[in-house]
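A closer look at the structure
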Number of protein chains: 2
Amino acid sequence: MKPTIKDVARKANVSVATVSRVLNNQPGYSVETEKKVLEAIDELGYHPNALARGLVGKRTKTLGVLIPRISNMVSSQIMNGIEDAAHKNDHSVIICNTDNDGQKTMVYLDVLREKRVDGIIVVSEMLTEEYANKLVELKVPVILISTIDETGQFPHIKVNDEQAAYQATEYLISKGHKNIAMISGTPEDMVAGKPRLDGYKKALRENGLPVKEENIVFGDFWFDSGKECMERLLNNNQGITAIFVASDEMAAGALSTAYKSGIRVPEDISIIGFDNTQLAEMTIPPLTTVSQPFYQMGYKGLKLLLKAIKGKEVNSAILPHVIVERETVKKV
Amino acid sequence: MKPTIKDVARKANVSVATVSRVLNNQPGYSVETEKKVLEAIDELGYHPNALARGLVGKRTKTLGVLIPRISNMVSSQIMNGIEDAAHKNDHSVIICNTDNDGQKTMVYLDVLREKRVDGIIVVSEMLTEEYANKLVELKVPVILISTIDETGQFPHIKVNDEQAAYQATEYLISKGHKNIAMISGTPEDMVAGKPRLDGYKKALRENGLPVKEENIVFGDFWFDSGKECMERLLNNNQGITAIFVASDEMAAGALSTAYKSGIRVPEDISIIGFDNTQLAEMTIPPLTTVSQPFYQMGYKGLKLLLKAIKGKEVNSAILPHVIVERETVKKV
DNA sequence: ATGAAAGCGCTAACAG
DNA sequence: CTGTTAGCGCTTTCAT
């Protein structure tokens, strides 16, 4: 069997309390004792049982992450940041792939409760009321990444989507474009949908450009819908010279359609994306896009969670975005 | 405080033993009792403590996954399959991003030991001897996905890389290509490197085609190296008409370079990739490639792990690959 | 069918 | 500086 703290105590000729003390380096033992204990630990190949620790203490050093779908460039980058920060701070994370399925999410929340995680990070999930209530019930700190809740009970960490969209559009305007279309995501999405659309419209308006509804098409953020949206835009072409696309994946789709239609980017039409996932450097030509600091969002989100677990107050944070210029936008 | 089994027992006027029985639906209680208990549980909002359970029982229903880097299309898809299978079978997974760093890996193994996971899945990691030894030390079942260990102590699950490469090359040959180059990964990689290179050579040989060393260039599987490799190939062009590329990312890089160089794919040169990640449908033109069933690999790997945990014997499994024809290969 | 009681491995008073 | 002891919440004999 695996050696326990008792075995160590016996071997080192001390009490379990003493072993526990050196294990948690709390004061109360001589150097000699420490040496004896350490030796015993080493010889026995002893490893503390985290379950027992968690049972008596209050911390498990385990965190839960609820994420819609890990096989997704955005999610996985955020996850990467979360994981790195967790590991550096001596915590583990249980990953919960919710598939945006409310049912599954609720089940997961119970699991996390039973496993007594110290805190929870919610990534990109729309927070329904039921969801939020249950989260509160769990009575552990919660941090939201790249999402928000209307009630404002949980701190979130994201970029300023509206402002980013505004700047992306202004960037196009600064390049001389006047007839700028947008491939938007679902406007019901209060993070990546509506705000980006609003930012786009605002930029046009404030620059004295007309907002034409026929220049705005809606996709679902993914590649295929990007292709489709581009087709629609091309069909009722109103002489647009540039497009602001609400995600890199849709932008890649738009690029594909443009290519198939014999439209050259950026010669005939300029495109700016949103996200700056790995995909952005792989498209032909490489995609100019608004970069979101996904890794940092995850990393910082986890740090905040840890802070909250320690009982400190934490506030929401807006991280800076930046436009990465590549080759899909040209001056007109 | 959170209600415990004692609270439930008290409220239902039974002993904790009885509550435990209905909780684990073991025999030994009347329908009435069950009802009382269930009601108490409901009213109290009781949730069992998994730590306590794990401490006394031997199972934690928690698994560990060691993966080089989750923000990677291949890894994340495998992870997706793992997670799905785990959740469906009432288990959680702790994700361990090793960054291919031996040090980090060793630390993680200790964490998994301390948290008493029931089993471990290793994804895409080169298994050093030290690594393997520690894995054995943990004394929990281990399954390897998309990797192998020379000692053959652990069951693995992957595709037949050599055969897949062989078929990819033969596919090109069947399309009339005779001068076929290869962009290989690192030949030290015993899964995605050497076997694929061997398969390529074998196909050429068995079809009476010469294996020319100048037609083989080596990258590191990633996009940038794909671009570079393509440049090298184009520079000392020996009239090649097709290329077998050992990963989709490198293939995408090759496509970029081709485009920049004014080489049309597939008109001037045909390309077949390997992996069939999401990227393959997003390239211009869409990439013909060898599809690996990543999701299934993860899903099945986890099922095997569960089987092993139950004490049953499990064997390695080779999953089928298939060539997905898209638009980067043409008949010559 | 049900209860009492002995731990699982550890931490944290409380005594010396 | 060190040991004793009482749990943490649960499962599991062993009785009844």
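Rules behind the numbers
Residues numbered from 1 in each chain as written. Chains lettered and ligands numbered in written order. Predicted model: local features only at pLDDT ≥ 70, side-chain atom pairs only at ≥ 80, totals over all residues. Heavy atoms only, no water. Helix = DSSP H or I, 4+ residues; strand = E, 2+ residues; numbered from the N terminus. Rg over C-alpha atoms; globule rule 2.2 N^0.38 Å. Buried < 20%, exposed > 50% of the residue type's maximum accessible area, 1.4 Å probe, protein only. Contact = heavy atoms within 4.5 Å. Areas by Shrake-Rupley, 256 points an atom, 1.4 Å probe, with all protein chains shown as cover. Lys, Arg positive; Asp, Glu negative; His and termini not counted. Charge placed at Lys NZ, Arg CZ, Asp CG, Glu CD. UniProt positions renumbered as here; feature names shortened; annotations may be inferred. Core = buried A, V, L, I, M, F, W, Y, C linked by side-chain atoms within 4.5 Å. Least-squares fit on C-alpha atoms with pLDDT ≥ 70 in both. Salt bridge = Lys/Arg side-chain N within 4 Å of Asp/Glu carboxyl O. Pairing = 2+ DSSP bridges. Axes fitted to C-alpha atoms, helices over the stretch in contact; angles between N-to-C directions. Phe/Tyr/Trp six-rings, centres within 6.5 Å; stacked < 30°, edge-to-face > 60°. Lys NZ or Arg CZ within 6 Å of the ring centre and 35° of its normal. Near = heavy atom within 4 Å. Nonpolar A, V, L, I, M, F, W, Y, C, P; charged D, E, K, R; others polar. Polar contact = N/O pair within 3.5 Å; in protein donor to acceptor, adjacent residues only side chain to side chain. Right-handed = clockwise from strand over helix to strand, strands pointing away.

**A few points about the overall build of chain A**
When helices and strands are tallied, chain A shows 13 helices and 12 strands. At 26 Å, chain A has a C-alpha radius of gyration far larger than the 20 Å of a compact globule built from 332 residues. For chain A, the spread of C-alpha atoms along the three principal axes comes to 85 × 35 × 30 Å. For chain A, with 332 residues in total, the buried portion stands at 58%. Long-range contacts, defined as pairs at least 24 residues apart, comprise 70% of the intrachain contacts of chain A with a sequence gap of at least 6. Carbon and sulfur atoms make up 50% of the accessible area of chain A, which totals about 14100 Å². The positive charge centre, built from 40 side chains, and the negative charge centre, built from 42, are 6 Å apart in chain A.

**So, the UniProt feature "domain: HTH lacI-type" (unreviewed entry) in chain A**
UniProt's feature table lists "domain: HTH lacI-type" (unreviewed entry) at residues 3-57 of chain A, given in the numbering used throughout. With 67% helix and 0% strand, the stretch residues 3-57 of chain A has end C-alpha atoms that lie 20 Å from each other.

**Some remarks on the nonpolar core**
If you look at the biggest cluster of nonpolar residues, it comprises 56 residues, and the most contacted ones within it are A:Met79, A:Ile82, A:Ile121, B:Met79, B:Ile82 and B:Ile121. Setting aside anything within four residues of it in sequence, one finds A:Ile82 in contact with A:Val65, A:Val93, A:Ile121, A:Val123, A:Ile145, A:Gly298, A:Tyr299 and A:Leu302.

**Focus: the relation of the copies chain B and chain A**
Mapping chain B onto chain A leaves a residual RMSD of 0.1 Å; the transformation is a rotation of 180° accompanied by 0.0 Å of translation along its axis. In short, the pair behaves as if placed about a two-fold rotation axis. Of the C-alpha atoms belonging to chain B, the one lying closest to the rotation axis is found on B:Ile94, 2.2 Å away. By residue overlap, the copies meet face to face through one surface: 100% of the interface positions of chain B are interface positions in chain A.

**Focus: the pattern of salt bridges**
Residue and element names in this part refer to chain A. Scanning all chains against the criterion turns up 35 salt bridges over all chains. With its nearest N and O atoms 3.7 Å apart, the salt bridge here joins Lys35 to Glu39. Placement of both Lys35 and Glu39 in helix 3 (residues 31-44) is noted, with a separation of four residues, approximately one turn of the helix. With a shortest N-O distance of 3.2 Å, Lys104 and Asp99 are connected by a salt bridge. According to the relative accessible area criterion, Lys104 is buried, its value standing at 12%.

**Some words on the sheet that holds strand 8 (residues 242-245) of chain A**
Residues and elements named next belong to chain A. Ordered by their spatial adjacency, six strands build an open sheet running 7-6-8-9-10-12, and the pairing between neighbours is mixed. In this open sheet, the two edge strands, each paired with only one partner strand, are strand 7 (216-218) and strand 12 (322-324). Going from strand to strand, the sheet's axes swing by 20° on average, the running direction of each strand aside. The pairing of strand 6 (residues 180-184) with strand 7 spans three bridges and is parallel. Bridged to Ile183 within strand 7 is Val217.

**Overview of the sheet that holds strand 12 (residues 322-324) of chain B**
All names here are of chain B. Taken together, six strands build an open sheet; the order of strands is 7-6-8-9-10-12 and the sheet is mixed. On the outer flanks of this sheet lie strand 7 (216-218) and strand 12, each paired with one strand and no other. The average undirected angle you get between the axes of adjacent strands in this sheet is 20°. By the bridge criterion, four bridges tie strand 6 (residues 180-184) to strand 8 (residues 242-245) in an arrangement that is parallel. Along strand 8, the bridge assignment pairs Met182 with Phe244.

**Some points on the packing of aromatic side chains**
Enumeration over the complete set of coordinates arrives at four aromatic pairs over all chains. Centre to centre, the rings of A:Tyr295 and A:Tyr299 are 6.0 Å apart; their planes meet at 25°, and the pair counts as stacked. On the criterion of helical spacing, the pair formed by A:Tyr295 and A:Tyr299 is a turn pair, its members being four residues apart in helix 13 (residues 294-309). Of note, B:Arg196 hangs over the ring of B:Phe274, and the distance from its end group to the ring centre comes to 3.8 Å. A cation sits over an aromatic face here: B:Lys202 above B:Tyr166, 5.5 Å from the ring centre.

**Regarding unusual backbone geometry**
All names here are of chain B. Here the bond from Val265 into Pro266 is cis, since omega is 5°, no more than 30 degrees from zero. Residue placement: Pro266 occurs in the loop between helix 11 (248-260) and strand 9 (270-275). Positioned with a positive phi, Asn13 is a non-glycine residue whose angle comes to about 60°. Here Asn13 is to be found in the loop between helix 1 (5-12) and helix 2 (16-23). Positive phi, normally seen in glycine, also occurs at Asp99, with a value near 55°. Relative to the helices and strands, Asp99 is located in the loop between strand 2 (92-97) and helix 6 (102-114).

**A look at the protein's contact with DNA strand C**
DNA strand C sits among 25 residues. The nearest are A:Ile5, A:Tyr46, B:Ser15, B:Arg21 and B:Thr33. Taken together, the elements giving at least two residues each to the surface near DNA strand C come down to helix 2 (16-23) and helix 4 (50-56) of chain A together with helix 2 and helix 4 (50-56) of chain B. Its residues assigned to classes, the surface near DNA strand C comprises 11 nonpolar, 11 polar and three charged.

**Comments concerning the protein's contact with DNA strand D**
The environment of DNA strand D is made up of 24 residues, and the closest members are A:Arg21, A:Thr33, B:Ile5, B:Tyr46 and B:Arg53. A breakdown of the atoms of DNA strand D within 4 Å of the protein gives sugar and phosphate a share of 66%. Between DNA strand D and the protein, one listed contact pairs a phosphate oxygen with a side-chain N or O atom of B:Gln26 at 3.3 Å. Here the surface near DNA strand D is built from residues that sort into 11 nonpolar, 11 polar and two charged.

**Observations concerning the pairing of strand 3 (residues 119-123) of chain A**
Residue and element names in this part refer to chain A. With five of five residues buried, strand 3 is to be regarded as a mostly interior element. Across the two faces of strand 3 the burial is the same, with Gly119, Ile121 and Val123 and Ile120 and Val122 all buried. Taken together, the four bridges between strand 1 (residues 62-67) and strand 3 define a ladder with parallel strand orientation. Counted as the bridge partner of Leu63 is Gly119 from strand 3. As paired strands, strand 3 and strand 4 (residues 142-145) are joined by four bridges and run parallel to one another. Directly across from Ile120, in strand 4, lies its bridge partner Val142. The parallel pair strand 3 and strand 4 is bridged by helix 7 (residues 129-138), and the resulting crossover is right-handed.

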